[in-house]
Amino acid sequence: MNGIKIKGTGRCVPEKTVTNDDLARIVDTSDQWITTRTGIRRRHHCTTETHANLCAGAAKAALARAGVAPEQVGACIVATVSADTAVPSAACLLQRELGLPEDIPCFDLNAACTGFLYALHTMECLLNASPRKFGLVVGAEVLSRLINWEDRGTCILFGDGAGAAVVECREGWPSIGAVLGSRGDDELLRLPGLEAGERSFIQMDGTKVFKFAVETVPRCMDQVLQKAGMTAEDVDFFVFHQANARIIDLAVRKYRIPTEKYYKNIQEYGNTSAASIPLVLSELEEQGKVGPGSRVLAVGFGGGLTWGGALIEFV
Ligand code: UT7
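These figures come from a predicted structure and were not determined experimentally.

Participant: Please clarify how the packing of helix α7 (residues 206–228) against helix α8 (residues 245–255) should be interpreted in this entry.
Facilitator: Axis angle and axis distance: for two packed helices, these are the angle between their axes and the distance between the axes, and together they describe the pair. Following both chains from N to C, one finds α7 and α8 inclined at 40 degrees, their axes separated by 10 Å at the closest point. Comparing the axis directions of α7 and α8 gives the class oblique. Seen from above, α7 lies across α8 with right-handed handedness. Every residue of α8 that contacts α7 at F210, A213, V214, V217, P218, M221, D222 and L225 is listed here: R246, I247, L250, A251, K254 and Y255.

Structure (structure tokens):
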């Protein structure tokens, strides 16, 4: 199979920020507790912006940075659990907004916080079967709509945003070598669907999810490196799903990853689920920390349960 590489990234986040002090006025919490237990200082929440607006903003920025025109796109996937509508999908709305070709697949993908990595792998498969060699992968969430404002264990964690990547598929390029997994579990992390009627809130057993995450992240990293026949030294940058700074710190310590080779933006956005990894990628590219030739190891985990990792190169 021919591999994909990232040609350009983009992001779009709502203007309004909600600080830890703002939340301390709603539930029994404090800036000190949230900062030390999670690393989060603020998060962005939509007011007038919609999920579709965030997707379009991130996708347009990624296409512009990649220098790719909408008519060159061979498939579009939006990883999300919080689209404006179940039907039409966010990806179909994006097809219309961007003027993507009509003879390509556009669909949403739900793998919770691992969604962007699931979508990258799916895109690699799709582009191998497509005459068009560019793909659009978006991770977008409006989780502020799904928050139980009476639950201090979850309402402090989540934020809104979107990140996007334009990928290119070329003969002879190595596969991203994605390692993906899933284990059905509705106890640790749950977002009710139609059964909940009008209101649907994220429910989470934070401590159990934390334990799952600290076991899963290094296992995924080992599997990705083993599959590629590489070691951590062969990786230019490590990108972790931004769920809790302590989870990232544990992985970084275990692999002795130097400070200049990983990145956190959880302090600014909180946990944005499927948007988290592309938000990091987009900031890294903008800051020149990654660029053509960079090899990034990305790891995600979350509801489903799902997990995954991949070695992603930039071109
Ligand atoms: O993206 C997908 C996956 N999501 C995650 O990866 C989240 C993983 N889990 C976590 O990040 C952490 O488990 C949390 C940040 C959610 C919670 O941190 P924790 O260190 O596991 O705290 P805890 O749930 O064990 O609670 C410790 C104490 C409890 O009080 P008592 O029983 O010891 O008196 C909680 O009631 O902290 C209390 N607590 C809070 N206190 C102030 C829980 N939430 C808060 C809060 N402010 N917001």
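So that's the structure; there's more coming.
Participant: What exactly am I supposed to notice about the pairing of strand β6 (residues 134–142) here?
Facilitator: Put simply, side chains in a regular strand alternate between the two faces of the sheet. The buried fraction of β6 is high, at nine of nine residues. Across the two faces of β6 the burial is the same, with F134, L136, V138, A140 and V142 and G135, V137, G139 and E141 all buried.

Participant: What should I look at first to understand the sheet that holds strand β13 (residues 306–313) in this one?
Facilitator: Sheet strands line up and pair through hydrogen bonds in the backbone, either parallel or antiparallel. Spatially, four strands are ordered β8-β13-β12-β11 in an open sheet, and the strand pairing comes out mixed. Every interior strand has two partners, whereas the edge strands, β8 (179–182) and β11 (237–240), have only one. For this sheet, the mean inter-axis angle between neighbouring strands, taken without regard to orientation, is 15 degrees. Across four bridges, the pairing between β11 and strand β12 (residues 295–302) is parallel. Directly across from F240, in β12, lies its bridge partner V299.

Participant: Before we go on, may I ask you to explain the nonpolar core in this structure?
Facilitator: Grouped burial of nonpolar side chains is what soluble globular proteins tend to show. With 34 residues, the main nonpolar core has L120, V239 and L281 as its most contacted residues. At the level of elements, β1 (4–12), β4 (73–79), α5 (115–128), β7 (160–169), β11, α10 (276–286), β12 and β13 are the ones that each hand at least two residues to this core. Tallying contributions element by element places α5 first for this core, with seven residues. Here V239 is in contact with I277, V280, L281, L284, V296, L297, A298 and V299, once residues within four sequence places are set aside. One finds C220, Y262, L305 and L311 within the second-largest nonpolar core, a separate group that totals 29 residues.

Participant: Help me out: how do you make sense of the pattern of salt bridges in this one?
Facilitator: Side-chain pairs of opposite charge can arise where the charged atoms are in close proximity. Per the stated rule, a full pass over the model turns up 17 salt bridges. For R25, the salt bridge goes to D22, with nearest N and O atoms at 2.6 Å. Residue classification places R25 among the exposed positions, given a relative accessible area of 64%. The residue R170 makes a salt bridge to E168 at a minimum N-O spacing of 2.7 Å. Overall, the relative accessible area of 38% leaves R170 in the partly exposed class. E168 sits in the buried class, given a relative accessible area of 5%. Within this structure, K5, R295 and E313 form a network of salt bridges that share partners.

Participant: Looking at this model, I keep getting lost on the site of the ligand. Mind explaining?
Facilitator: In the region of the ligand, 22 residues are neighbours, and T29, R37, H241, N244 and N271 sit closest. Within the side chain of W33, one N or O atom sits 3.4 Å away from a nitrogen atom of the ligand. Between the ligand and H241 there is a distance of 2.8 Å, counted from an oxygen atom to a side-chain nitrogen or oxygen. When the free accessible area of the ligand is taken as 950 Å², the share hidden by the protein chains comes to 71%. Elements with a minimum of two residues in the shell around the ligand: α2 (31–38), α6 (152–155), α7 and α8. The biggest single contributor to the shell around the ligand is α7, with four residues. Here the residues of the shell around the ligand sort into 10 nonpolar, eight polar and four charged.

Participant: How should I be thinking about the packing of helix α3 (residues 51–66) against helix α4 (residues 90–98) in this particular structure?
Facilitator: Their axes nearest at 10 Å, the elements α3 and α4 cross at an angle of 55 degrees. Classified by the interaxial angle, the pair formed by α3 and α4 is oblique. In this structure, the crossing between α3 and α4 has a hand that is right-handed. Taking contact as the criterion, the partners of H51, C55, A56, A59, K60 and L63 in α3 are, on α4, A90, L94, E97 and L98. The residue makeup of the contact of α3 with α4, split by class, is seven nonpolar, one polar and two charged.

Procedures and definitions
- Residues numbered from 1 in each chain as written.
- Predicted model: local features only at pLDDT ≥ 70, side-chain atom pairs only at ≥ 80, totals over all residues.
- Heavy atoms only, no water.
- Axes fitted to C-alpha atoms, helices over the stretch in contact; angles between N-to-C directions.
- Helix = DSSP H or I, 4+ residues; strand = E, 2+ residues; numbered from the N terminus.
- Parallel < 35°, antiparallel > 145°, perpendicular 65-115°, else oblique.
- Left-handed = near helix turned anticlockwise from the far one by under 90°.
- Contact = heavy atoms within 4.5 Å.
- Buried < 20%, exposed > 50% of the residue type's maximum accessible area, 1.4 Å probe, protein only.
- Pairing = 2+ DSSP bridges.
- Core = buried A, V, L, I, M, F, W, Y, C linked by side-chain atoms within 4.5 Å.
- Salt bridge = Lys/Arg side-chain N within 4 Å of Asp/Glu carboxyl O.
- Near = heavy atom within 4 Å.
- Polar contact = N/O pair within 3.5 Å; in protein donor to acceptor, adjacent residues only side chain to side chain.
- Areas by Shrake-Rupley, 256 points an atom, 1.4 Å probe, with all protein chains shown as cover.
- Nonpolar A, V, L, I, M, F, W, Y, C, P; charged D, E, K, R; others polar.

Nothing here speaks to function; it is geometry throughout.
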